[in-house]
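Commentary on secondary and tertiary structure
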Amino acid sequence: MEEVEAASTKKAALSTRALLLMGFFSGALLAYATFLAFKAAEGFTTGAAALISGVAFSVGFAMIVLLGPELATGNFTVLTIGTVRGKTTWAEMLRNWGWMYLGNFLGCVFLDFLLLLTFTES
């Protein structure tokens, strides 16, 4: 729990710019992982499609973990623990959540826009 508390103070101290950039990149990677899962499963039967899409999504999610950008869901957990244990304030937690969620959303929408441009027939 000490490591989670230390992580919560580190995450709470991130600048707004860092929160938006890391959130943007992880949102884009998550959108890519979802797209990859759907595309990889096309044409397979239900059971095989579930297996293939699960593996494909896991690979995309592993990219997020290995590259290190921040997902809002991880911050929801870590900062809640830090706040409840008194290492961060409620204001810091809500600030982090808001900017991180916005960054994740913008990253997803940006990648979705690029995919829409790419796969829309003219």
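Residues numbered from 1 in each chain as written. Predicted model: local features only at pLDDT ≥ 70, side-chain atom pairs only at ≥ 80, totals over all residues. Heavy atoms only, no water.

Within the structure shown, the criterion is met by five aromatic pairs. Taking 5.9 Å as the distance between ring centres and 80 degrees as the angle between the ring planes, the aromatic pair formed by Phe24 and Phe25 counts as edge-to-face. Among the residues examined, Phe25 registers a relative accessible area of 48% and is labelled partly exposed. Taking 5.3 Å as the distance between ring centres and 40 degrees as the angle between the ring planes, the aromatic pair formed by Phe35 and Phe119 counts as tilted. You can see Phe35 sitting in helix H2 (residues 16-40) and its partner Phe119 sitting in helix H5 (residues 90-119), a full 84 residues away along the chain. (Phe/Tyr/Trp six-rings, centres within 6.5 Å; stacked < 30°, edge-to-face > 60°. Buried < 20%, exposed > 50% of the residue type's maximum accessible area, 1.4 Å probe, protein only. Helix = DSSP H or I, 4+ residues; strand = E, 2+ residues; numbered from the N terminus.)

Below, the discussion takes up a nonpolar patch on the surface. The grouping of Phe76, Trp99, Tyr101, Leu102, Phe105, Leu106 and Val109 at the surface amounts to a nonpolar patch, some 630 Å² of accessible area in total. Looking at the nonpolar patch, the element that brings in the most residues is H5, giving six residues. Mapped onto the elements of the fold, Tyr101 is located in helix H5. (Patch = residues over 30% accessible without salt bridge, like charges linked within 9 Å, V, L, I, M, F, W, Y side chains within 5 Å. Areas by Shrake-Rupley, 256 points an atom, 1.4 Å probe, with all protein chains shown as cover. Salt bridge = Lys/Arg side-chain N within 4 Å of Asp/Glu carboxyl O.)

Each turn of an α-helix holds 3.6 residues, which means side chains three or four residues apart point in the same direction. Across its 13 residues, helix H4 (residues 72-84) extends 18 Å between first and last C-alpha, which sits within 8% of the 18 Å expected from 1.5 Å per residue. The set of residues buried in H4 consists of Ala72, Asn75, Val78, Leu79, Gly82 and Thr83. The arc that holds the buried residues of H4, viewed along the axis, is 130 degrees, so those residues lie on one side. Facing away from the buried side of H4 by over 90 degrees, the exposed positions are Thr73 and Val84. Packed against the buried residues of H4 are helix H1 (2-12) and H5. Count one or two residues on from H4 and you reach Gly86, which has phi positive near 85 degrees. (Expected span 1.5 Å × (residues − 1). Arc of directions from axis to C-beta. Contact = heavy atoms within 4.5 Å.)

On to the pattern of salt bridges, then. Tallied over the full model, the rule gives three salt bridges. Salt-bridge contacts for Lys11 lead to Glu70; the nearest nitrogen and oxygen are separated by 2.3 Å. Here Lys11 is found in helix H1, whereas its partner Glu70 is found in the loop between helix H3 (46-67) and H4, with 59 residues between them in sequence. Residue class for Lys11 comes out buried when judged on its relative accessible area of 14%. Residue classification places Glu70 among the buried residues on the basis of a relative accessible area of 13%.

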